[in-house]
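Notes for the structure review
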Amino acid sequence: MINVFIPHRWNNGDYETISSLLDRTKYKVRDYSVPSTSPFDKIDKRYNVDPKIQKQIQYASIVICSNRPANNNGMSIEEIKYALSINKPVVAVSITCSTSVYISQLGIDVISCRKDSLENWICKHI
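Criteria and thresholds
One numbering rule holds for all chains: residues counted from 1, following each sequence as written. Residue-level local features of this predicted model are given only where pLDDT is at least 70; pairs of side-chain atoms are given and counted only at 80 or more, and the full residue set underlies all totals for whole chains, interfaces and linings. The basis for the side-chain values is all heavy atoms of the structure; hydrogens and waters are excluded. The rule is simple: put a 1 Å grid over the protein atoms alone, call a set of points where a 1.4 Å probe fits but cannot get out a cavity, call an open set with protein on both sides within 12 Å along at least five of seven lines a pocket, and count a residue as lining if it has an atom within 4 Å of a point. Grid points are joined across faces, edges and corners, and a volume is the space filled by probe spheres set on the points. Each residue gets one label: Ala, Val, Leu, Ile, Met, Phe, Trp, Tyr, Cys and Pro are nonpolar, Asp, Glu, Lys and Arg are charged, and the others, such as Gly, are polar. Strands here are runs of E lasting at least two residues and helices are runs of H or I lasting at least four, both read from the DSSP assignment and numbered beginning at the N terminus. Buried, partly exposed and exposed residues are distinguished by accessible area as a fraction of the type maximum, computed with a 1.4 Å probe on protein chains only: under 20%, between the cut-offs, and over 50%, respectively. Per residue, pLDDT measures the predictor's confidence, with a range of 0 to 100. A pair of Phe, Tyr and Trp rings is counted when the ring centres sit within 6.5 Å of each other, with Trp represented by its six-membered ring. The angle between the planes then sorts it: under 30 degrees is stacked, over 60 is edge-to-face, the rest tilted. Here, a strand pair is defined by DSSP locating no fewer than two bridges between the strands. Note on definitions: angles span 0 to 180 degrees between N-to-C directions of axes, and those axes are lines fitted to C-alpha atoms, for helices only across the stretch in contact.

1. A word on empty space enclosed by the protein
Throughout the structure, instances matching the rule amount to 1 cavity of 30 Å³ or more. The space that makes up the largest cavity amounts to roughly 40 Å³. Around the largest cavity, the lining residues are Pro7, His8, Arg9, Asn12, Asp14, Ser66, Arg68, Asn71 and Ser76. Residues that form the lining of the largest cavity fall into these classes: 1 nonpolar, 5 polar and 3 charged.

2. Points about unusual backbone geometry
Even without being a glycine, Asn87 presents a positive backbone phi close to 65°. For Asn87, the position within the fold is in the loop between α3 (75-85) and β4 (90-93). Residue class for Asn87 comes out exposed when judged on its relative accessible area of 68%.

3. Brief notes about the confidence of the model for the protein
Fine structural detail should not be taken from predicted coordinates in areas where pLDDT scores are low. The predicted model of the protein has a mean per-residue pLDDT of 89, with 90% of residues at 70 or higher. Mean pLDDT values over the elements of the protein span from 91, in α3, up to 98, in β4.

4. A look at the packing of aromatic side chains
Going through the model one piece at a time under the given rule, you end up with 1 aromatic pair. Ring geometry for Tyr32 versus Tyr59: centroids 5.3 Å apart, planes at 40°, classification tilted. Remark: Tyr59 occurs in helix α2 (residues 51-59) and Tyr32 occurs in the loop between β2 (29-31) and α2; sequence separation between them is 27 residues. Relative accessible area serves as the criterion here: at 42%, Tyr59 is assigned to the partly exposed category.

5. A word on the sheet that holds strand β3 (residues 62-66)
Strand pairing in a sheet is mediated by backbone hydrogen bonds. Such pairs are either parallel or antiparallel. Here 5 strands make up an open sheet; going across it, the order is β2-β1-β3-β4-β5 and the pairing parallel. Taken across any chain shown, the strands that pair with only one partner, and hence form the sheet edges, are β2 and β5 (109-111). When strand polarity is set aside, the average angle formed by the axes of neighbouring strands in this sheet is 35°. Pairing of strand β1 (residues 2-5) with β2, which is carried by 3 bridges, proceeds in the parallel orientation. By the bridge assignment, Val4 is partnered in β2 with Asp31.

What follows is the structure in structure tokens.
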């Protein structure tokens with residue numbers, strides 16, 4: 001069983017794409033992401049990453065994000081930076097032609113949106 005956190009925006013479909021990709025892998029997955037069907041009531045804006053979300057990331061074995069340039073702004077990039085700060089392995093799945101500047105600057109691997117690519121990355125990092 002691997003524990004996964006997926007930083008995402010609910011309005012672009014990346015969460016669904018990554019979840020679907022994970023479902024096709026050979027791994028059993030426990031998802032610690034925040035789904036739109038059960039969002040946290042409030043986000044504490046005093047923190048870059050709300051403590052409730054920090055806890056979800058801490059439970060994760062790995063963090064999987066999209067390469068989408070929209071990750072340059074907002075909470076997703078802060079969640080990714082937080083995951084890196086606590087030494088969680090992070091990978092970006094190539095969903096768009098362009099990759100977020102921050103994903104590149106942070107040295108995060110960008111892999112193809114394919115089952116075998118994700119399985120190989122997970123095998124190397126868990």
